[in-house]
Amino acid sequence: MGIFTASDKVRFKKVKEEGCEVLFSVEVPAAKVSDETHNVLLNIQQRARVPGFRQGKAPIELIKKQFAGHAQEETLDRLIRRHVPEALKELQLQPVATPSVEEVKFDNGKPLLFQVRIETAPKLSPKDYTKIPVSKKSYPADEAAITARVEELREAHARLERATEESVAKNHYVVIDYAGKQAGKPMANAKGENELVDLSSEHTLEGLSSGLLGMKRGETKDVPVKFNNKEAAMTVTIKEIKTKILPALDAEFAKDLGFETYEELKAKLKQVIEDEGKQKTEREVLEQVEQGLLKNNKTALPPSLVEAQLSHMLDRLRRQVMGGQGKWPEKQLEDLKTKLRPKAEDEVLVSLLLPAIAEKEKIVVSDAELATDLEKNLESADNDEKKESIRKMFVERKEEISGMIRDRKTMQFLRDKAAVKDA
């Protein structure tokens, strides 16, 4: 616990420490409060415009009466801003969020008393971070994997042609005009022309695909469907029946993709699949290392850091889903928070553990490593303006970028020290 300083000075004392939360008190002697109040009143006097007096010439007693509330607020603000940093230094506290002032007692002629609540980073002593058990799975570029990738390419380069059949079958795509109705009345926003329907898709409106089977070109009929789990009907006219044509696996197909022969295409796909497999394997290894690190180092976390990380994750997801526009519905937002909170907590804990491990293992980032990272980033810039922006960023955010490189090095250290076994 903190110890009170001499009685003629501002006194600081820890009141409570629980997890990452610390509550401490501040007592400012009445004499210091009085001195600061006088300074505030003098400052107000110089600025105040009081009827009947030139600016700066109103009597101080008049200033005290007319601006008593404002003077007290400004005095309190000044004393808090001055003495909270002193308290943090004396009590050796490092907050991770803005301190919160509470329980203020500010009476004329008496000491100023208030309490400050802060969140601090947990005191970490990382343990069991070497020899983390890891199961390493391989993803070979075998014939089955290559064939599957070839089929993906064929699907991507497929085309639709007019079907030779006169009636609709399950393997067809159909072009339709349609109009929806429910309880005999037209439905809003349920009308269209030349709509393409894939009969093999599982996401077609319930009842529509089965209702189209057997229909002929130019035929019109009412197809029973379910719209929002309610009975409805679609008046549908078949405009065209089409079938999907996949390209043949030959040199022509390979040339369309930039290769001379089909064998060259397969060789390139094999290389791509091998590279992707290695990257996937490494990602899974690092994920297991991270999970092992988290499992072995559970600790209380500052709520504000978790909330900040959760907010960042939600905003990132919103940009991905909504393109940065709109807001989550309230119920969906709460569900997402519940779902993402454990991940946010994990990310915060990792962000605290990695620097602690780096310090313990003396993992540092040299100027040469920082310069190498700068050069890699410059290579991705396609004009001088972007290069200059990158150089500026590396100067202004040097510590942050060094921290990111340090964390990468620390993760590589943990991966190298892991107990890896082939799955």
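Look above for the structure.
Residues numbered from 1 in each chain as written. Predicted model: local features only at pLDDT ≥ 70, side-chain atom pairs only at ≥ 80, totals over all residues. Heavy atoms only, no water.

### With respect to the sheet that holds strand β2 (residues 21–28)
Turning to step 1, where the next piece is worked out: One open sheet holds the four strands; their spatial order is β1-β2-β4-β3, and the pairing between them is antiparallel. Each edge of the open sheet is held by one strand with a lone partner, namely β1 (11–18) and β3 (100–105). Put simply, the sheet's adjacent strands are angled 20° from each other on average, direction ignored.
Turning to step 2, where the next piece is worked out: Alignment of β3 against strand β4 (residues 112–119), held across four bridges, turns out to be antiparallel. Residue pairing for β4: Glu102 is matched across the bridge by Gln115. (Pairing = 2+ DSSP bridges. Helix = DSSP H or I, 4+ residues; strand = E, 2+ residues; numbered from the N terminus. Axes fitted to C-alpha atoms, helices over the stretch in contact; angles between N-to-C directions.)

### Description of unusual backbone geometry
Turning to step 1, where the next piece is worked out: Positive phi is not limited to glycine here, since Ala183 has a value of about 55°.
Turning to step 2, where the next piece is worked out: Along the chain, Ala183 falls in the loop between β7 (172–182) and β8 (185–198).
Turning to step 3, where the next piece is worked out: Given a relative accessible area of 79%, Ala183 falls into the exposed group.
Turning to step 4, where the next piece is worked out: We note that Asn228 has phi near 55°; this positive angle belongs to a residue other than glycine.
Turning to step 5, where the next piece is worked out: Within the element layout of this structure, Asn228 appears in the loop between β9 (220–227) and β10 (230–245). (Buried < 20%, exposed > 50% of the residue type's maximum accessible area, 1.4 Å probe, protein only.)

### Looking at the nonpolar core
Turning to step 1, where the next piece is worked out: Tyr129, Val289, Leu293, Leu301, Leu314, Leu354 and Leu414 are the most contacted members of the largest nonpolar core, which totals 30 residues.
Turning to step 2, where the next piece is worked out: Counting only elements with at least two residues in this core, the list comes to α7 (262–296), α8 (303–322), α9 (330–360) and α12 (398–417).
Turning to step 3, where the next piece is worked out: Here this core gets 12 residues from one element, more than from any other, and that element is α9.
Turning to step 4, where the next piece is worked out: The residues contacting Val289, other than those within four sequence positions of it, are Ile132, Val134, Met411, Leu414, Arg415 and Ala418. (Core = buried A, V, L, I, M, F, W, Y, C linked by side-chain atoms within 4.5 Å. Contact = heavy atoms within 4.5 Å.)

In short, the description is geometric, and any link to function would need to be established separately.
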